[in-house]
Amino acid sequence: MDRIAVLTSGGDAPGMNACIRAVVRSALNNKMDIYGVERGYAGLVKGEIKRLNTRSVSDMIHKGGTFLSTARCPEFKDIEVQRQAVEALSAYGIEGLVVIGGDGTFRGAKDLSDNFGIRVMGIPGTIDNDLSYTDYTVGFDTAVNTVLWAINNLRDTFHSHDRVGLLEVMGRNCGDIAVYAGVAGGAEYVLVPEVPYNLDKIASSIKKSYLRGKTSNMIILAEGAGNRDEIAEYIAKKSGIEVKVTNFGHIQRGGSPNMADRVLAARFGYKAVELLKEKKESCAIGIRDNKVITVPFSEVQGTRDKFDTELYNIAHILGL
Ligand code: ADP
Ligand code: F6P
């Protein structure tokens, strides 16, 4: 394969630039022509494609976001729209594609592969860590550390004021950011979509902890687990103690990728190019037990089954 392209799609994640860099430099090392598609599938459909060289990715490894830009393109589910993307690829003579994104991005990749025979390699890039087949996605580790920074700051002020705080974090329908940040930040309660919770019990436990002299409590709420204001209001009403709400929002999506995400990005980007060079079937790349693995896109779809219940329990045992 002589000519390939790379794009980023869905929500951006720290480490996407490091991953593009790895794809570009690995391709050039194999004497391949490498192109960058701007704005994900939206840009692909419009033919927003540019040639990249080694300098295109200079000074990129440490930058958050994605210099190729990303977008959501709901119309890409339509096969006729996909056909336009395929025409754009063939206009440039591009034979293989690397897509960096999440579950939705991989659905688009599967369609390009199944419907048009395009060879597509998928790299998991999302802060959510919501793909079952891989232990980690690029961006998750950095996002959790950013959340941890927020928890540390909130702990300072809530401890000083004897307050209960509720921090909402991202993750879509996945509780991983909340659980990892909760364990690392010493939160008392972690609410995730994967595990039912009882607000009456939480309210009563907070009240009891106040009576025995523990006057500061932190609740981490995964965005998919409920409405932050309603939950805070309910706990406050039941416990008689005010609950201060913070929504951390998009701050957790930005920032310089940490070591774990940069190394993961390098390993995934390198692997994607190797697979294209060897003309392997389209697949998703992941990591399991610190080994880079590949999985057919058909096995990536479906429900998520890797929630770490043990870690979730540890959060609550240690947060008492
Ligand atoms: P992520 O890749 O992070 O899960 P999205 O769910 O927003 O983010 O998906 C990214 C893009 O992937 C969508 O905007 C759309 O262009 C494409 N996509 C999502 N679902 C499908 C699908 N069922 N078929 C084809 N393309 C899809
Ligand atoms: O998928 C990444 C993510 O940040 C989710 O955690 C969140 O639900 C969503 O994207 C937010 O999307 P947007 O940036 O479009 O508001």
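Refer to the structure printed above.
The residue numbering used here restarts from 1 in each chain and proceeds along that chain's sequence as written. Going through the entries in the order they are written, you letter the chains from A and number the ligands from 1. Selection of residues for local features in this predicted model requires a pLDDT of at least 70, selection of side-chain atom pairs for listing and counting requires 80 or more, and totals for whole chains, interfaces and linings are taken over all residues. Hydrogens and water molecules were not included; the side-chain quantities draw on all heavy atoms of the structure.

1. Quick notes on the site of ligand 2
Our working definition: By convention in this text, a residue qualifies as near a molecule or strand provided that one of its non-hydrogen atoms is within 4 Å of it. Within 3.5 Å is the distance limit for a polar contact, defined as a pair of N or O atoms, with the added protein rule that one can donate a hydrogen and the other accept it, and that residues adjacent in sequence qualify only through two side-chain atoms. Every accessible area reported is derived by Shrake-Rupley at a probe size of 1.4 Å, with residue values counting cover from the shown protein chains alone. When residue character is reported, Ala, Val, Leu, Ile, Met, Phe, Trp, Tyr, Cys and Pro are called nonpolar, Asp, Glu, Lys and Arg charged, and the others, Gly included, polar.
The immediate surroundings of ligand 2 are formed by Arg 72, Ile 127, Asp 128, Met 170, Gly 171, Arg 172, Glu 223, His 250 and Arg 253. Arg 72 is positioned such that a nitrogen or oxygen atom in its side chain is 2.6 Å from an oxygen atom of ligand 2. Gly 171 places a main-chain nitrogen or oxygen 3.1 Å from an oxygen atom of ligand 2. When ligand 2 is considered free in solution it has 400 Å² of accessible area, and contact with the protein chains removes 75% of it. Class assignment for the residues of the shell around ligand 2 results in 2 nonpolar, 2 polar and 5 charged.

2. Thoughts on the pattern of salt bridges
Any two side chains of opposite charge can pair, given that their charged atoms come close. Selection criterion: Salt bridges are identified by distance alone: a Lys or Arg side-chain nitrogen within 4 Å of an Asp or Glu carboxyl oxygen. Relative accessibility decides the category of a residue: with a 1.4 Å probe and only protein chains considered, values under 20% of the type maximum give buried, values over 50% give exposed, and everything between is partly exposed. Elements are defined by DSSP. Helices are runs of H or I of four residues or more, strands are runs of E of two residues or more, and each kind is numbered from the N terminus.
Within this structure, the stated rule accounts for 17 salt bridges. When the shortest N-O distance is used, the salt bridge between Asp 59 and Lys 63 registers 3.5 Å. For Asp 59, a relative accessible area of 55% puts it in the exposed group. Given a relative accessible area of 34%, Lys 63 falls into the partly exposed group. Between Arg 172 and Asp 128 there is a salt bridge whose closest N-O contact spans 3.9 Å. Pair noted here: Arg 172 is in the loop between strand S6 (164-169) and helix H6 (176-185) and Asp 128 is in the loop between strand S5 (119-124) and helix H5 (140-161), with a separation of 44 residues, a long-range link. For Arg 172, a relative accessible area of 46% translates into the label partly exposed. Shared partners join several salt bridges into a network, and the residues in it are Glu 38, Arg 39, Glu 48 and Lys 50.

3. A short note on the site of ligand 1
Neighbouring residues of ligand 1: 16 residues in total, closest Arg 72, Cys 73, Gly 102, Gly 104 and Thr 105. The fraction of the free accessible surface of ligand 1 (550 Å²) that becomes covered by protein chains is 85%. Ranked by residue count, the leading element in the shell around ligand 1 is helix H4 (residues 103-116), at 6 residues. Looking at the shell around ligand 1 residue by residue, the class counts come to 3 nonpolar, 7 polar and 6 charged.

4. What to know about the pairing of strand S4 (residues 96-101)
The line we're drawing: The criterion for strand pairing is that DSSP finds at least two bridges linking the strands in question.
The buried count for S4 comes to 6 of 6 residues, which makes it a mostly enclosed element. Burial of S4 is two-sided: the residues Gly 96, Val 98 and Ile 100 facing one way and the residues Leu 97, Val 99 and Gly 101 facing the other way are all buried. Of the pairings in the sheet, the one linking strand S1 (residues 3-8) to S4 comprises 5 bridges and is parallel in character. When the bridges of S4 are listed, Ile 4 appears paired with Gly 96. Here 6 bridges tie S4 to S5, and the two strands are oriented parallel to one another.

5. A closer look at the sheet that holds strand S11 (residues 291-295)
The cut-off we apply is this: A fitted line through C-alpha atoms represents every axis, and for helices the fit uses only the stretch in contact; the resulting angles, taken between N-to-C directions, go from 0 to 180 degrees. The contact rule is simple, with two residues in contact once any of their heavy atoms fall within 4.5 Å.
Strand order across the open sheet formed by 7 strands is S3-S2-S1-S4-S5-S10-S11, with mixed pairing between neighbours. If you trace the sheet from one side to the other, it starts and ends with strand S3 (49-52) and S11, each paired once. For this sheet the average axis-to-axis angle between neighbouring strands, irrespective of direction, equals 30°. Pairing analysis gives 2 bridges linking S5 to strand S10 (residues 283-288), with the strands arranged parallel. The residue of S10 that forms the bridge with Met 121 is Cys 283. In this fold helix H9 (residues 259-277) packs onto S1, S4, S5, S10 and S11, with an angle of close to 140° to the strand it touches most, S10.

6. Some details on the sheet that holds strand S7 (residues 189-191)
Spatially, S7-S8-S6-S9 is the arrangement adopted by the 4 strands of the open sheet, whose pairing is parallel. Where the open sheet ends on each side, the last strands, each with one partner, are S7 and strand S9 (243-247). With strand direction ignored, the average angle separating the axes of adjacent strands in the sheet is 20°. In the sheet, S7 pairs with strand S8 (residues 217-222) via 3 bridges, with the strands oriented parallel. Bridged to Val 190 within S8 is Ile 220.

7. Thoughts on the state of the cysteines
Quick reminder of the rule: Here, two cysteine sulfur atoms that lie within 2.5 Å of each other are counted as a disulfide.
Per the stated rule, a full pass over the model turns up 0 disulfides. Cysteine Cys 19 shares no disulfide, and the gap to the nearest cysteine sulfur, in Cys 283, comes to 14 Å. On the accessibility criterion, Cys 19 (0% relative accessible area) is buried. Take Cys 174: it sits in no disulfide, and the sulfur closest to it among the cysteines is that of Cys 19, at 19 Å.

8. Let's talk about a nonpolar patch on the surface
Going by this rule: A residue counts toward a patch only above 30% relative accessible area and without a salt bridge, and it is joined to like-charged neighbours within 9 Å or, for Val, Leu, Ile, Met, Phe, Trp and Tyr, to nonpolar neighbours within 5 Å.
Residues Ile 314, Ile 317 and Leu 318 make up a contiguous nonpolar surface patch of roughly 310 Å² in combined accessible area. With respect to the helices and strands, Ile 317 occurs in helix H11 (residues 309-318).

9. Thoughts on the side chain of Glu 168
Mapped onto the elements, Glu 168 comes out in strand S6. Looking at Glu 168, its side chain comes within polar contact range of the side chain of Arg 228, at 3.0 Å. Those residues in contact with Glu 168, other than ones at most four positions away along the chain, are Leu 221, Glu 223, Arg 228, Thr 246, Asn 247 and Phe 248.

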